Amino acid sequence: MSATTAPRPALPGAVPGSLARPARTAVRWAVRHGLPAVYLSRSARRGDLVGRLMRDPSLREHPYDLYEQLRARGPLSGSSLGLVTTSHPVAQEILRSDRFGVGWDRSTAPAVIRWALEFGDDPTAAGVAEPPSMLVVDPPDHTRFRRLVSRAFTPRATAAFEPAIRRTAERLLDDLEGRDGTVDLVGAYAAQLPVLVIAELLGVPVERREDFLRWGAAAAATLDPGLPLRRFLSAEKALRSMHRFLAEHFTRLRREPGEDLVSRLVTLPPEEALTDRELHATVLLLLGAGFETTVNLLGNAVVLLDAHRDQWDALRAGTAGWDDAVEEALRIDSPVQLTGRSARADVELAGRTVAAGTRVTLLLGAANRDPDVFPDPGRFDVTRPDAREHLAFSGGIHYCVGAGLARLEGAIGLAALSERFPALRVAGRPQRRDLQTLRGFEVLPVRLT
Ligand code: HEM
């Protein structure tokens, strides 16, 4: 692939060329996942709640009681990962403050970690949580990337996608007609709708959607700290395939640009042009974020509505709105459960001084259940008037660029499903994805009629 490769720092001691790549992979895993895993596991054993949250697989099913334990410690508490907040106002303040950033000042890290990060760097396997992905860079670079993509996500541009979303949903539902027995709604519908929509928006061939889904599912794990080596390797393999696909796709579009966003990005005038690495990072993020999150919204919403049948019926009867149901599902079972920020300077926050460089983990899924903002927050209620106040799409300058599109896909996708299969029921135990940052279902067995 053609992503630019930064010059590597000399390894202490000679590493023959043929061993350089495996050595880099091993170092990358160790510094990003191996060491954090050891540290978090040790913290968890000592009773640290964030350590437990990150390491205890049983909490994947239901992290919400642990969030309440953390909330009882106050709006901002210490943890193995620096500070952590479950508070909606504190999370919102951090997200909107220019005293916090997503970037991390590597110069403060011990020399060996700095060396490992640099030596392990490999643009051919870079994930969405690595610079220069806009998700993890601060202004001015963030502003530059964001400006280039946000034109494709204005309310007007998003609304123009409505017919395509509707058409795609109906086509997928046509394929489900007549299917007896149990169907996996994630594989057959919830995952398909967003990937088809983002493929159209980005001008990538929809025939490759099964590849995207496979790659996306493996690569999503790189958002979580402490991955075991085997999962890390499979995520990196998927990322390499995605980057290879993107390199070929960019070449094709440079030759024959279309009307889509990626065509625009690859044909920018020289003064605006992205470097190869920036281009890969930007499009990889759009592609991944475009379908790896909305699938979770759809799956989580179906399970919630199945458990609250009166609300499904009210939505079908038109006495409640699908837009509101989407907001409430995003609030109560958020597809992105957490994010992080670092203080760029000493900051006064929630009655304490947060020192420059301190990392704060924002538990968005907990902030969205803050009882000071959402009365009786554990109650699913599609008529809740203030559900839209949730932070499921984050806030501040990194507010989800695809929020409008995701909302539209959610509302149209759910309404179309309920119209076609009004008697749909969950039939069997849905299986959660084995992920920490993203929350959704891997398998969702339903009976359609
Ligand atoms: C239900 C679906 C979705 C959810 C819950 C969601 C959630 C989020 C969250 C929480 C962030 C910010 C993370 C942070 O502040 O650290 C984010 C950023 C982002 N999302 Fe989404 N997202 C969804 C759908 C989409 C879609 C459909 C797209 C694209 C088509 C998209 C593209 C992006 C991009 C590009 C960013 C980075 C924005 C920036 O850093 O400025 N998302 N999303």
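Residues numbered from 1 in each chain as written. Predicted model: local features only at pLDDT ≥ 70, side-chain atom pairs only at ≥ 80, totals over all residues. Heavy atoms only, no water.

Moving on, we come to the overall build of the protein. Broken down by element type, the protein carries 19 helices and 12 strands. Computed over its C-alpha atoms, the radius of gyration of the protein comes to 22 Å, within 12% of the 22 Å expected for a compact globule of 449 residues. Principal-axis analysis of the C-alpha atoms gives the protein an extent of 70 × 55 × 40 Å. Taking all 449 residues of the protein together, the buried fraction comes to 55%. Accessible surface computed for the protein: about 19500 Å², of which carbon and sulfur atoms make up 54%. Placing the 58 positive and 56 negative side-chain charges of the protein at their respective mean positions leaves the two points 5 Å apart. (Helix = DSSP H or I, 4+ residues; strand = E, 2+ residues; numbered from the N terminus. Rg over C-alpha atoms; globule rule 2.2 N^0.38 Å. Buried < 20%, exposed > 50% of the residue type's maximum accessible area, 1.4 Å probe, protein only. Areas by Shrake-Rupley, 256 points an atom, 1.4 Å probe, with all protein chains shown as cover. Lys, Arg positive; Asp, Glu negative; His and termini not counted. Charge placed at Lys NZ, Arg CZ, Asp CG, Glu CD.)

With that settled, the discussion passes to helix α10 (residues 192-202). Taking burial as the measure, the 11 residues of α10 include 10 buried ones, the bulk of the element. Burial in α10 covers these residues: Q192, L193, P194, V195, L196, V197, I198, A199, L201 and L202.

Take the sheet that holds strand β9 (residues 425-426) next. The strand order across the open sheet formed by 3 strands is β4-β12-β9, and the pairing between neighbours is antiparallel. The strands lining the two open edges of the sheet, one partner per strand, are β4 (182-184) and β9. Pairing geometry for β4 and strand β12 (residues 445-447), over 3 bridges, is antiparallel. Looking at β12, one finds that D184 is bridged to P445. (Pairing = 2+ DSSP bridges.)

Our focus in this paragraph is the pairing of strand β2 (residues 82-85). Where strand β1 (residues 76-79) and β2 come together, 4 bridges link them in antiparallel fashion. Its bridge partner lying in β2, S79 is registered against G82. What sits between the antiparallel neighbours β1 and β2 is a turn of 2 residues. Looking at chain direction, β2 and strand β8 (residues 359-363) are connected through 3 bridges and run parallel. Opposite V84, over in β8, you have T361 as the bridge partner.

Here we come to the confidence of the model for the protein. On average, residues of the protein score 93 in pLDDT, and 96% of them reach the 70 mark or higher. Contacts of residues 1-15 to residues separated by more than four positions or lying in other chains number 32 contacts, the stretch itself having pLDDT below 50. (pLDDT = per-residue confidence, 0-100. Contact = heavy atoms within 4.5 Å.)

Side chains of nonpolar character tend, in soluble globular proteins, to be buried together. Judged by nonpolar contacts, the single largest core of 93 residues is most densely connected at Y189, L202, L261, L265, W322 and L424. Among all residues touching L265, those that are not within four sequence positions of it are L148, V149, L274, L279, T282 and V283. In terms of nonpolar packing, the next biggest core, distinct from the first, is built from 16 residues, L76, A343, L349 and L362 among them. (Core = buried A, V, L, I, M, F, W, Y, C linked by side-chain atoms within 4.5 Å.)

With that settled, the discussion passes to the coordination of the iron atom of the ligand. Of the protein atoms, C400 (SG) alone serves as a donor to the iron atom of the ligand, at 2.3 Å. In this fold, C400 is placed in the loop between α18 (364-367) and α19 (403-420). (Donors = N, O, S within 2.8 Å, 3.2 Å for Na, K, Ca; no water.)

The next subject is the sheet that holds strand β5 (residues 338-343). Read from one edge of the open sheet, 5 strands run β1-β2-β8-β5-β3, paired in mixed fashion. In the strand order of this sheet, the two ends are held by β1 and β3 (100-101), each with one partner. Two strands pair when backbone bridges link them, and β5 and β8 are joined in this way by 5 bridges, in the antiparallel orientation. When the bridges of β8 are listed, S342 appears paired with R359. Helix-sheet contacts for helix α4 (residues 88-96) involve β1, β2, β3, β5 and β8, and the interaxial angle to β8 is about 125°. (Axes fitted to C-alpha atoms, helices over the stretch in contact; angles between N-to-C directions.)

Right, let's talk about the site of the ligand for a bit. For the ligand, the set of nearby residues contains 28 residues, the closest of which are H142, T339, S394, H398 and C400. For the ligand, an oxygen atom lies 3.4 Å from a polar atom in the backbone of M134. Between the ligand and R146 there is a distance of 2.7 Å, counted from an oxygen atom to a side-chain nitrogen or oxygen. Considered class by class, the residues forming the shell around the ligand number 18 nonpolar, 8 polar and 2 charged. (Near = heavy atom within 4 Å. Polar contact = N/O pair within 3.5 Å; in protein donor to acceptor, adjacent residues only side chain to side chain. Nonpolar A, V, L, I, M, F, W, Y, C, P; charged D, E, K, R; others polar.)

Once that is clear, we can look at the pattern of salt bridges. Taken as a whole and assessed by the stated rule, the structure comprises 30 salt bridges. One salt bridge in this structure joins D174 and R420, with 2.9 Å as the shortest N-O distance. Taken together, the residues D174 in helix α8 (residues 162-176) and R420 in helix α19 connect sequence positions 246 residues apart. Residue class for R420 comes out partly exposed when judged on its relative accessible area of 22%. For D434, the salt bridge goes to R231, with nearest N and O atoms at 3.4 Å. Here D434 is found in the loop between β10 (431-432) and β11 (441-443), whereas its partner R231 is found in helix α12 (residues 229-255), with 203 residues between them in sequence. Taking the relative accessible area as the measure of exposure, D434 reaches 39% and is therefore partly exposed. When its relative accessible area of 29% is taken as the criterion, R231 is described as partly exposed. Several salt bridges share partner residues, and in doing so they unite R28, D122, E236 and R240 into one network. (Salt bridge = Lys/Arg side-chain N within 4 Å of Asp/Glu carboxyl O.)

A few words on the packing of α10 against α19. Between α10 and α19, whose axes approach to 11 Å, the crossing angle comes to 135°. Of the possible angle classes, the one that applies to α10 and α19 is oblique. Of the two possible hands of crossing, α10 and α19 adopt the one that is right-handed. Listed contacts from α19 to L193, P194, V197 and L201 of α10 are L405, E409 and G413. (Parallel < 35°, antiparallel > 145°, perpendicular 65-115°, else oblique. Left-handed = near helix turned anticlockwise from the far one by under 90°.)

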